Structure formats: structure tokens, C-alpha cells
Amino acid sequence: MARRDDLLNGLAMGEWFRQFKRTGTKWIGTIQPRVSGLKFKVEIDTAFHPPVVRVLDPPLVNESGKSLPKHHFADRTLCLYHRDDPGWDRRKPIALTILPWIFEWCYFYELWLETGVWYGIEYAHAEEKAREQADQAGRDAAA
């Protein structure tokens, strides 16, 4: 199994973020959290606060018959942190907040594909279903 060091070796966030290309409010770039792992093409849409993140490639798939991990929303945007987590602050650069969380999410997604276990931090989201649906409706209306 891969080690967490793989993730830490890739966390020169300023260097990673420099290769992202901006189109309007969207930043698109490729990250590789594990030295020998998958490359993920991701989109960070800063029109929303917090930014909305999608993996564009590879498709988030279930190769082993398991259901996808619950760490994404119905529209397949990534669930990077709990909304009560004080880590997100719109005044901080996304290279120091959102991008490391994307690396971490992709790292744990790869491990999940290999093991069927999500090793990242988890929060109970059942009580937040109504808030998630309201957030999704707001994103749909803005799109």
C-alpha cells in the first residue's frame, strides 16, 4: 500500500498551482498525489464561495462493484471539508487551502480504489442533506 509520504512529496503547492490555467473563474490543472499514481485533471471554480471542485479526468468510477465513496456531492463535485471546519477562508490563496485538500482527496480516492476503505477524515453528513440540496440548487441557478 502507498504511504502518506507520497502525498507529502507532492505538496509543493505553489509549484503545482503555477501549471493551472485560468479561464474566467475556473482554474484547470493536473495533479499527481502519488509518485506512481494516477494523474487527476481538476477544475476549481472560484465563482462560488467556497470554490467548487470537480475531477475532470479520470472519471470517478467504481472499478470493483462498490458504490462510490460518499465524499462527493450528487453533481460529483468534491466534498473537501466539513462546512464547520475553520480551514476555509476566502482571504487565503486557494493554493494554500483548496489545492492541498484536492491532493488529499485524490490521494484517499486512489487508496479507496485499491482497498475499498476511505482513509481520510469523515464527518456524518446525514443531518446536512437539506443544506446540501439547497447549496446544489444555488449552484444550478448560478450555472
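Remember, predicted model here, so these are calculated numbers, not experimental data. (Residues numbered from 1 in each chain as written. Predicted model: local features only at pLDDT ≥ 70, side-chain atom pairs only at ≥ 80, totals over all residues. Heavy atoms only, no water.)

Caption draft 1: Main features of the sheet that holds strand S2 (residues 26-31). Pairing is antiparallel in the open sheet, where four strands are placed in the order S1-S2-S3-S4. Edge positions in the sheet fall to strand S1 (21-23) and strand S4 (52-57), since each of these pairs with one other strand and no more. Recorded for the sheet is a direction-independent mean angle of 25 degrees between the axes of neighbouring strands. With six bridges connecting them, S2 and strand S3 (residues 40-45) associate as antiparallel partners. Bridge assignment links Ile28 to a residue of S3, and that residue is Glu43. Of the strands in this sheet, S2, S3 and S4 touch helix H3 (residues 98-115), which is tilted by about 140 degrees from S3. (Pairing = 2+ DSSP bridges. Helix = DSSP H or I, 4+ residues; strand = E, 2+ residues; numbered from the N terminus. Axes fitted to C-alpha atoms, helices over the stretch in contact; angles between N-to-C directions. Contact = heavy atoms within 4.5 Å.)

Caption draft 2: Spotlight on the packing of aromatic side chains. Here the structure, examined in full by the defined rule, presents six aromatic pairs. Aromatic pair Tyr107 and Phe108: ring centres 5.3 Å apart, planes at 75 degrees, arrangement edge-to-face. For the pair Tyr107 and Phe108, one class covers both residues: buried. For the ring pair Phe108 and Trp118, a centre distance of 6.3 Å and an interplane angle of 50 degrees mean the geometry is tilted. (Phe/Tyr/Trp six-rings, centres within 6.5 Å; stacked < 30°, edge-to-face > 60°. Buried < 20%, exposed > 50% of the residue type's maximum accessible area, 1.4 Å probe, protein only.)

Caption draft 3: Fine view of the environment of Leu38. By the element assignment, Leu38 lies in the loop between S2 and S3. Take Leu38: its relative accessible area is 33%, and that puts it in the partly exposed class. Considering only alpha carbons, one finds Leu38 and Glu110, 72 residues apart in sequence, at a separation of 7.6 Å. Once residues within four sequence positions are removed from consideration, Leu38 is found in contact with Ile31, Gln32, Pro33, Pro58, Glu110 and Leu113.

Caption draft 4: Structural context of the environment of Pro33. Within the secondary structure, Pro33 is located in the loop between S2 and S3. Its relative accessible area of 0% is what places Pro33 among the buried residues. Considering only alpha carbons, one finds Pro33 and Pro100, 67 residues apart in sequence, at a separation of 9.6 Å.

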